[in-house]
Amino acid sequence: MRPKKSEPTAEGDLFRARLDQIINLKHELVQLGAKIDWDWIDREIAPLYSDKGRPGVASRFLIGLLLLKHIYGLSDEGVCERWVYDPYFQHFTGFEFFQHEFPHERSGLSHWRKRLGSKLELLLAESLRVAHETGALRTRDLKRVTVDTTVQPKAITFPTDAKLVHAAIKGLNRLARAHGVRLRQSYLRIAKRAAMMAGRYAHAKQFKRHRRQLRSLRTWLGRLIRDIRRKIGGQSELEAAFEQALLRAAQIRSQEQRQRGWKLYSFHAPEVECIGKGKASAPYEFGVKASIVTTNARAPGGQFVLHAQALPGNPYDGHTLGDVIEATEKLTGCAIERGYVDKGYRGHKTENPRRVFISGQKRGVFGAIKRELKRRSAIEPVIGHMKTDGQLGRCYLKGREGDAANVILSAVGHNLRLVLAWLSLLLRLILNALMRLLAAPTALNWAS
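Description of the structure in this document. Because the structure is a prediction, the values reported are computed rather than measured. Position numbers for residues start from 1 in each chain and track the written sequence from start to end. Totals for whole chains, interfaces and linings use every residue, but because this is a predicted model, local features are given only for residues with pLDDT of at least 70 and side-chain atom pairs only at 80 or more, for both listing and counting. Each side-chain value is derived from all of the structure's non-hydrogen atoms; neither hydrogens nor water enter the calculation.

**So, the overall build of the chain**
Helix and strand assignments come from DSSP, with helices taken as H or I runs of at least 4 residues and strands as E runs of at least 2, each series counted from the N terminus. The helix and strand inventory of the chain stands at 15 helices and 6 strands. Viewed in the frame of its principal axes, the chain has a C-alpha envelope of about 105 × 70 × 50 Å. Under the scheme applied here, a residue whose accessible area is under 20% of the maximum for its type counts as buried, over 50% as exposed, and between as partly exposed, the area being computed with a 1.4 Å probe on protein chains only. Across the 448 residues in the chain, those meeting the buried criterion constitute 46%. By element, 53% of the accessible surface of the chain is carried by carbon and sulfur atoms, the whole surface being about 24900 Å². Here the Shrake-Rupley method, with its probe set to 1.4 Å, supplies the accessible areas, and only the displayed protein chains count as covering residues.

Here it is as structure tokens:
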């Protein structure tokens, strides 16, 4: 059920220190926490709670941790560890008194990400509202946007045949141990050496020896698959538990390096796709395609992300543009007058194709449109900041739901970093103005 609402008190405590007495209340993180409408977020996610059971954890605490994690580019464990000794983190998440221990389990972050699901877009909308309220984002900036796609890599190693077969052998053994299935032979020791030697032979361009080791690995994997199927035959519970793992192992054993069609690139993350973006440094990336929409012009506070979405299945960019523009308008509540895209969107099908301009286009490009089209490439450093400063550069979350959540939260973290920088700049400007005012010579003439 919904958590009990705790009202702040102005009273002190003999044994605990009040946070508002040991922190700088003008700090940008304190100001950001005051500007976020936590009550609105709590009302929007109220349907996710059950009517029965014990009261849940305060939504501001866990949502605040998710925001801090993506603002500062921390892991789940890292943000929980820093929360214990950072009073600004504790104040941002709604605590009045300094806490010396983390009050909940770290796994609560994982549970809340799954619980929020599609509601995560509320956090993106709230970040834009806060930016607009502080003056970092103007309404006119929402009318002209830039759209691009990038790849969100998954936390997997570069897939090779030997690595995949070895991972399948380890995965089946791990699952067999968990369910008490006694195997005739595990092949773990010899498979590890064969995978290592296959990599060495390939590096030395001794491909006959490399293929010999690969054949041995596939033979052992086939024996393991058949052994498990014999042992679990007729046991419906075990067959259901091993079904997906055996299908993945059989796919890995049968697929070839240069075959066409669908391939499996990771045993533990079957949703990973191979995406080629034409980069010289990384011809192929393994993860999921993500669509990013930013403001075309630089707003006073920077270039904000207006919409972010994972695109599983590696669709053609042009086929996604109409849905992305519609979702952006719904999220921001502002109609898009012009959109600027790269040549990967040629052949798009939008309701009003004349408001979309493609880089290199000559017809209808003049004046302000020509200047705005030149700014299309400004979305690239935004994506770069989301990957280096945020979590878009490598997704550690599980499944397609984790991919979708990580894309949206990375966009929220980027927007809130810009808001924090904007609030810090405003504070410095106000302090400088006050210092100049106090340092100005007085116009009064003292009586002699």
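**Quick look at the side chain of threonine 328**
Locating threonine 328 in the fold gives a position in helix α12 (residues 317-332). Whether two residues are in contact is decided by their heavy atoms: any pair within 4.5 Å suffices. Setting aside its immediate chain neighbours within four residues, threonine 328 contacts Val293, Leu306, His307 and Ile336.

**Points about the environment of glutamine 213**
One can find glutamine 213 in helix α10 (residues 207-232). Separated by 17 residues in the primary sequence, glutamine 213 and methionine 196 place their C-alpha atoms 9.3 Å from one another. Once residues within four sequence positions are removed from consideration, glutamine 213 is found in contact with Ala194, Met197, Ala198 and Tyr201.

**A few points about the packing of aromatic side chains**
Two rings from Phe, Tyr or Trp (for Trp, the six-membered ring) form a pair when their centres sit within 6.5 Å of each other. Planes less than 30 degrees apart are called stacked, planes more than 60 degrees apart edge-to-face, and all others tilted. Evaluated as defined, the whole model comprises 12 aromatic pairs. With a centroid separation of 6.2 Å and 70° between ring planes, the pair formed by tyrosine 49 and tryptophan 112 is classed as edge-to-face. Of this pair, tyrosine 49 sits in the loop between α2 (38-44) and α3 (59-71) while tryptophan 112 sits in helix α6 (residues 107-116), and the two are 63 residues apart along the sequence. Judged on exposure class, the residue tyrosine 49 and its partner tryptophan 112 are both buried. An aromatic cluster of at least three residues, connected via ring pairs, comprises Phe61, Trp83, Phe95 and Phe102. Charges are assigned to positions over rings by a cutoff of 6 Å between ring centre and Lys NZ or Arg CZ, combined with an angular limit of 35 degrees from the ring normal. Just above the ring of tyrosine 49 sits the side chain of arginine 115; from NZ or CZ to the centre is 5.0 Å. The cationic tip of arginine 115 hangs over the ring face of tryptophan 112; the distance from NZ or CZ to the ring centre is 5.4 Å.

**Digging into the nonpolar core**
Nonpolar cores were defined as sets of buried Ala, Val, Leu, Ile, Met, Phe, Trp, Tyr and Cys residues, with membership established by side-chain atoms within 4.5 Å. Counting 72 residues, the largest nonpolar core has Leu32, Ile63, Leu67 and Phe304 as the members making the most contacts within it. Ranked by residue count, the leading element in this core is helix α15 (residues 399-439), at 12 residues. Setting aside its immediate chain neighbours within four residues, phenylalanine 304 contacts Leu128, Ala131, Ala136, Leu137, Val293, Thr294, Thr295, Ala299, Asn415, Leu418 and Val419. Grouped together as the second largest cluster of nonpolar side chains are 30 residues, Val165, Leu214, Trp220 and Ala249 included.

**Quick word on the packing of helix α4 (residues 76-85) against α6**
Each axis is a line fitted through C-alpha atoms, and for a helix only the stretch in contact is used; angles between axes span 0 to 180 degrees, taken between their N-to-C directions. Two elements in contact, α4 and α6, have axes separated by 9 Å at closest approach and are oriented at 120°. Looking at the two axes, α4 sits oblique to α6. Classified by chirality, the crossing of α6 by α4 is right-handed. Contacts from Asp76, Val79 and Cys80 of α4 reach α6 at Leu109, Ser110 and Arg113. For this classification, under 35 degrees means roughly parallel, over 145 means roughly antiparallel, 65 to 115 means roughly perpendicular, and everything else is oblique. Put simply, a crossing is left-handed when the front helix is turned counterclockwise from the back one by less than a right angle, and right-handed when it is turned clockwise.

**Some remarks on a positive patch on the surface**
Each patch is built from residues that are more than 30% exposed by relative accessible area and take part in no salt bridge. Like charges join if they lie within 9 Å; nonpolar side chains (Val, Leu, Ile, Met, Phe, Trp, Tyr) join within 5 Å. We define a salt bridge as a side-chain nitrogen of Lys or Arg found within 4 Å of a carboxyl oxygen belonging to Asp or Glu. Here the positive residues are Lys and Arg and the negative ones are Asp and Glu; neither His nor the chain ends is included. For the purpose of locating charges, the reference atoms are NZ of Lys, CZ of Arg, CG of Asp and CD of Glu. Taken together, Lys208, Arg209, Arg211, Arg212 and Arg215 make up a surface patch of like positive charges. With respect to the secondary-structure elements, arginine 215 resides in helix α10.

**What about α10?**
Take the residue count of a helix, subtract one, and multiply by 1.5 Å to get its expected span. Under the 1.5 Å per step criterion, the end-to-end length of α10 is 37 Å for 26 residues, consistent within 8% with the ideal 38 Å. Listing the buried residues of α10 in full gives His210, Leu214, Leu217, Arg218, Trp220, Leu221, Gly222, Leu224, Ile225, Asp227, Ile228 and Ile232. If you follow the buried residues of α10, they end up packed against α8 (161-178), α9 (188-203) and α11 (236-254). Positive phi shows up at glycine 234, right after α10, with a value of about 85°.

**Some thoughts on a nonpolar patch on the surface**
Nonpolar side chains collect at one region of the surface, where Ile430, Leu431, Leu434 and Leu437 lie side by side and expose about 390 Å² of accessible area between them. Here leucine 437 is to be found in helix α15.

**Some details on unusual backbone geometry**
Residues apart from glycine generally show negative phi values, whereas peptide bonds are mostly found in trans. Despite not being glycine, lysine 205 has its phi angle at roughly 60°, a positive value. Following the sequence through the fold, lysine 205 ends up in the loop between α9 and α10. Given the relative accessible area of 63%, lysine 205 is considered exposed. With a phi angle near 50°, asparagine 314 is a residue other than glycine that sits in the positive phi range. Tracing the chain through its elements places asparagine 314 in the loop between β4 (305-311) and α12.

**Focus on helix α7 (residues 121-133)**
The terminal C-alpha atoms of α7, which comprises 13 residues, lie 18 Å apart, in line with the 18 Å expected from a rise of 1.5 Å per residue. Those residues of α7 that fall on the buried side of the exposure criterion are Leu122, Leu123, Leu124, Glu126, Ser127, Leu128, Val130 and Ala131. On the buried face of α7, the contacting elements are α1 (28-35), α2, α3, β4, α12 and α15. One or two residues past the end of α7 sits glycine 135, with phi positive at roughly 90°.

Fair warning: the whole summary comes from geometry, so function is off the table for now.
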